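What follows is the residue order along each chain.
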Amino acid sequence: ELLHMYASMIGYTDRYVRFPLCRKTSFNAKNPILFERTVPFLKEVSGVFQEKVPERFAAQKAKCDASHQDYVIPGTVFTSVTVNKNFRVAAHYDAGDLKEGFGCLSSISKGKYEGSYTVFPAFRLGVDLRTCDVLLADVHELHANTPYRKCVPGKYERIALVMYYREGIIDCGSLDEEIQRAKSFGSGSLS
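Residues numbered from 1 in each chain as written. Predicted model: local features only at pLDDT ≥ 70, side-chain atom pairs only at ≥ 80, totals over all residues. Heavy atoms only, no water.

1. Describing the sheet that holds strand β2 (residues 23–24)
Alright, step 1. On the basis of which strands lie adjacent, the open sheet formed by six strands has the order β2-β1-β3-β11-β4-β8 and antiparallel pairing. The sheet is open, and its two edges are formed by β2 and β8 (134–137), each paired on a single side.
Alright, step 2. Inspection of the sheet shows strand β3 (residues 80–85) paired to strand β11 (residues 156–164) by six bridges, in the antiparallel sense. Counted as the bridge partner of V83 is L161 from β11. (Pairing = 2+ DSSP bridges. Helix = DSSP H or I, 4+ residues; strand = E, 2+ residues; numbered from the N terminus.)

2. Thoughts on the packing of aromatic side chains
Think of a pair of aromatic rings as described by two things: how far the centres are apart, and how the planes are tilted against each other in angle.
Alright, step 1. Here the structure, examined in full by the defined rule, presents seven aromatic pairs.
Alright, step 2. Seen from their ring centres, Y12 and F35 are 6.3 Å apart, and the 80° between their planes marks the pair as edge-to-face. Highlighted residues: Y12 in strand β1 (residues 7–13) and F35 in helix α2 (residues 32–52), separated in sequence by 23 residues.
Alright, step 3. Aromatic pair Y148 and Y156: ring centres 5.1 Å apart, planes at 45°, arrangement tilted. As far as the burial class goes, Y148 and Y156 line up, both buried.
Alright, step 4. Members of the aromatic cluster, each reached through a chain of ring pairs, are Y12, F35 and Y71.
Alright, step 5. A cation over an aromatic ring shows up here: R23 above the ring of F19, its NZ or CZ 4.1 Å from the ring centre.
Alright, step 6. Taking NZ or CZ as reference, R130 lies 4.1 Å from the ring centre of Y113, over its face. (Phe/Tyr/Trp six-rings, centres within 6.5 Å; stacked < 30°, edge-to-face > 60°. Buried < 20%, exposed > 50% of the residue type's maximum accessible area, 1.4 Å probe, protein only. Lys NZ or Arg CZ within 6 Å of the ring centre and 35° of its normal.)

3. Some points on the packing of α2 against helix α3 (residues 54–66)
Alright, step 1. Between α2 and α3, the least distance of the axes is 5 Å, while the angle of their chain directions is 125°. Judged by the inter-axis angle, α2 sits oblique to α3. Residues S46, F49, Q50, E51 and K52 of α2 form the contact with α3, whose own contacting residues are P54, R56, F57 and Q60. (Axes fitted to C-alpha atoms, helices over the stretch in contact; angles between N-to-C directions. Parallel < 35°, antiparallel > 145°, perpendicular 65-115°, else oblique. Contact = heavy atoms within 4.5 Å.)

4. Focus on the pairing of β3
Alright, step 1. Counting buried residues in β3 gives five out of six residues, a clear majority hidden from the surface.
Alright, step 2. Direction of pairing for β1 relative to β3: antiparallel, over a ladder of five bridges. Its bridge partner being in β3, I10 is matched across the sheet by V81.

5. A few points about the sheet that holds strand β6 (residues 118–120)
Alright, step 1. Here we have three strands laid out as an open sheet, ordered β7-β6-β9, and antiparallel in their pairing. If you trace the sheet from one side to the other, it starts and ends with β7 (125–127) and β9 (144–145), each paired once.
Alright, step 2. Where β6 and β7 come together, three bridges link them in antiparallel fashion. What sits directly across from T118, in β7, is V127.

6. Structural notes on the nonpolar core
Alright, step 1. If you look at the biggest cluster of nonpolar residues, it comprises 29 residues, and the most contacted ones within it are F35, F49, I73, F78, V81, C104 and M163.
Alright, step 2. Elements that contribute at least two residues to this core include exactly β1, α2, α3, β3 and β11.
Alright, step 3. Tallying contributions element by element places α2 first for this core, with five residues.
Alright, step 4. When near neighbours in sequence (up to four residues on either side) are disregarded, I73 contacts G11, Y12, F35, V39, L42, F78, T79, S80 and V81.
Alright, step 5. With eight residues, the next largest nonpolar core counts L105, F120, V139 and V162 among its residues. (Core = buried A, V, L, I, M, F, W, Y, C linked by side-chain atoms within 4.5 Å.)

7. Thoughts on the side chain of S174
Alright, step 1. With respect to the helices, strands and loops of the structure, S174 is situated in the loop between β11 and α4 (175–185).
Alright, step 2. Those residues in contact with S174 that lie beyond four places of it in its chain are H68, D70 and Y71.

8. Regarding α2
Alright, step 1. Along its 21 residues, α2 runs 30 Å from first to last C-alpha, staying within 8% of the 30 Å computed at 1.5 Å per residue.
Alright, step 2. Within α2, the full set of buried residues consists of F35, T38, V39, L42, V45, S46 and F49. (Expected span 1.5 Å × (residues − 1).)

9. A closer look at the pattern of salt bridges
Alright, step 1. For the structure shown, the criterion picks out eight salt bridges.
Alright, step 2. E178 serves as the salt-bridge partner of R15, at 2.5 Å between the closest nitrogen and oxygen. Linking R15 in the loop between β1 and β2 with E178 in helix α4, this pair joins segments that are 163 residues apart in sequence.
Alright, step 3. Of the residues examined, E178 reaches a relative accessible area of 3% and is grouped as buried. (Salt bridge = Lys/Arg side-chain N within 4 Å of Asp/Glu carboxyl O.)

Rendered as structure tokens:
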């Protein structure tokens, strides 16, 4: 099973105030083989992105090419994937991902459920994203998921994936450089 929590991130993440180091996500560090097994799927989604929205893909690829490759998911234009399992996402605007890029959404589901449509209120649009569908969208527009309906807890699973490039990755050194940076903060920074 890819995820035991309701929401998580896989891939790589940039620095932020509480953790000032670029790094692999906890999932990658603890589950490298499982992460490797996701890469072919992520490559397929990256290919759909290239084919369907080439100008946004080109902008995101240029940013990936300019970034240290320790933080780019191989064969893709993504650094990170937000993974939500059976999780209703409240209305929000994404932040921290490349504004000139695009959000690439997909899902993997099993069992029977209704609802959990990905909605963009400004466009009066809702998408019933099912296994291996790909939705390419400007996630800087307000979006959310509708409630699940007609489902029996424990009898269905919907894992939603949002693939993107994190803007702060451009400022990351190599993984080795980031480890050296961590050492300058003291031993507590490495845990």
